Amino acid sequence: MHEPNYWKHIIAIHLDSDNTRVARFNYAGKSEMTNNAFGSPITPTVIYYETSGEVIVGAEAKKFLHIPNIPVFAGFIREMGTNTTWTFGDKTFTPTELAAILLKKVVADYAEQYGDPDTIVVTYPANYRNEQRD
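Thresholds applied
Residues numbered from 1 in each chain as written. Predicted model: local features only at pLDDT ≥ 70, side-chain atom pairs only at ≥ 80, totals over all residues. Heavy atoms only, no water. Salt bridge = Lys/Arg side-chain N within 4 Å of Asp/Glu carboxyl O. Helix = DSSP H or I, 4+ residues; strand = E, 2+ residues; numbered from the N terminus. Buried < 20%, exposed > 50% of the residue type's maximum accessible area, 1.4 Å probe, protein only. pLDDT = per-residue confidence, 0-100. Expected span 1.5 Å × (residues − 1). Core = buried A, V, L, I, M, F, W, Y, C linked by side-chain atoms within 4.5 Å. Contact = heavy atoms within 4.5 Å. 1 Å grid on protein atoms, 1.4 Å probe; cavity = no way out; pocket = protein on both sides within 12 Å on 5 of 7 lines; lining within 4 Å. Points joined across faces, edges and corners; volume = space filled by probe spheres on them. Nonpolar A, V, L, I, M, F, W, Y, C, P; charged D, E, K, R; others polar.

> Help me get a handle on the pattern of salt bridges, residues and values and all.
Under the criterion given, the structure shown has 4 salt bridges. Residue D18 pairs with R78 through a salt bridge whose shortest N-O separation is 3.2 Å. Placement of the pair is D18 in the loop between strand 1 (10–15) and strand 2 (19–25) and R78 in the loop between strand 7 (72–74) and strand 8 (86–88), with a sequence separation of 60 residues. A residue is classified by how much of its surface remains accessible, and R78, at 42% relative accessible area, is partly exposed.

And the structure:
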């Protein structure tokens, strides 16, 4: 069946402190989860910032989570709306900047499979404080 273009360009990203998920409307107007670049519908909300400047997001970054002195960022979504920062080398990151890196990656994974989305809706856990939502 031919899939109309207007459904596949509306996506929702659920930005959670542990995992991030992306969904889209399919040709029948039903929502469905999409997969990341590794074929999984779940992207761990983890970022690894390599010394070369390369940024690794998701399951690959999570592998480095418990190695001492490795710049891996997790739990930053919980810190949204606070003055918390993380420093790596000469760079300092806010929770918002780390969230933006993660969002860019999951949108790029989506675009690689379906094309650039026209509309993106970002959702977050219901228990967020107003500062986190803003």
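There's plenty left to go through after this.
> Would you mind going over the confidence of the model for the chain in detail, with residue names and values included?
Predicted confidence across the chain gives a mean pLDDT of 88, with 94% of residues reaching 70 or more. By mean pLDDT, helix 3 (residues 130–133) is the weakest element of the chain at 74, and strand 4 (residues 42–44) is the strongest at 97.

> Describe unusual backbone geometry, listing the residues and the values that go with them.
Of note, N69 is a non-glycine position whose phi angle comes to about 65°, a positive value. What makes N69 exposed here is its relative accessible area of 80%.

> Give a description of helix 2 (residues 95–114) that names residues and reports values.
Spanning 20 residues, helix 2 covers 28 Å between terminal C-alpha atoms, matching the ideal 28 Å at 1.5 Å per step. The complete set of buried residues in helix 2 reads P95, L98, A99, L102, V106, V107, D109, Y110 and A111. Once helix 2 finishes, G115 follows within two positions and takes phi at roughly 100°, a positive value.

> Help me get a handle on the nonpolar core, residues and values and all.
Ranked by internal contacts, the top residues of the largest apolar core, which has 14 residues, are I47, F73, F76, I77, F93, L98 and A99. With 3 residues, helix 2 is the single largest residue contributor to this core. In this view, A99 contacts L15, F76, I77 and M80; residues no more than four positions away in its chain are not counted. V22, V106, V107 and Y110 belong to the second-largest nonpolar core, a separate cluster that totals 6 residues.

> Outline empty space enclosed by the protein, supporting the account with residue identities and numerical values.
By the definition in use, this model includes 2 cavities of 30 Å³ or more. Estimated volume of the largest cavity: approximately 70 Å³. As for the largest cavity, its lining consists of 13 residues, and the residues nearest its centre are V22, T34, N35, N36 and T43. Mapped onto the lining of the largest cavity, the elements with two or more residues apiece are strand 2, strand 4 and helix 2. Residues that form the lining of the largest cavity fall into these classes: 5 nonpolar, 6 polar and 2 charged. By volume, the second largest cavity is sized at about 40 Å³. Taken together, N36, F38, T43, P44, V57, G58, A59, K105 and D109 make up the lining of the second largest cavity. Among the secondary structure elements, those contributing two or more residues to the lining of the second largest cavity are strand 4 and helix 2. Grouping the constituent residues of the lining of the second largest cavity by class yields 4 nonpolar, 3 polar and 2 charged.

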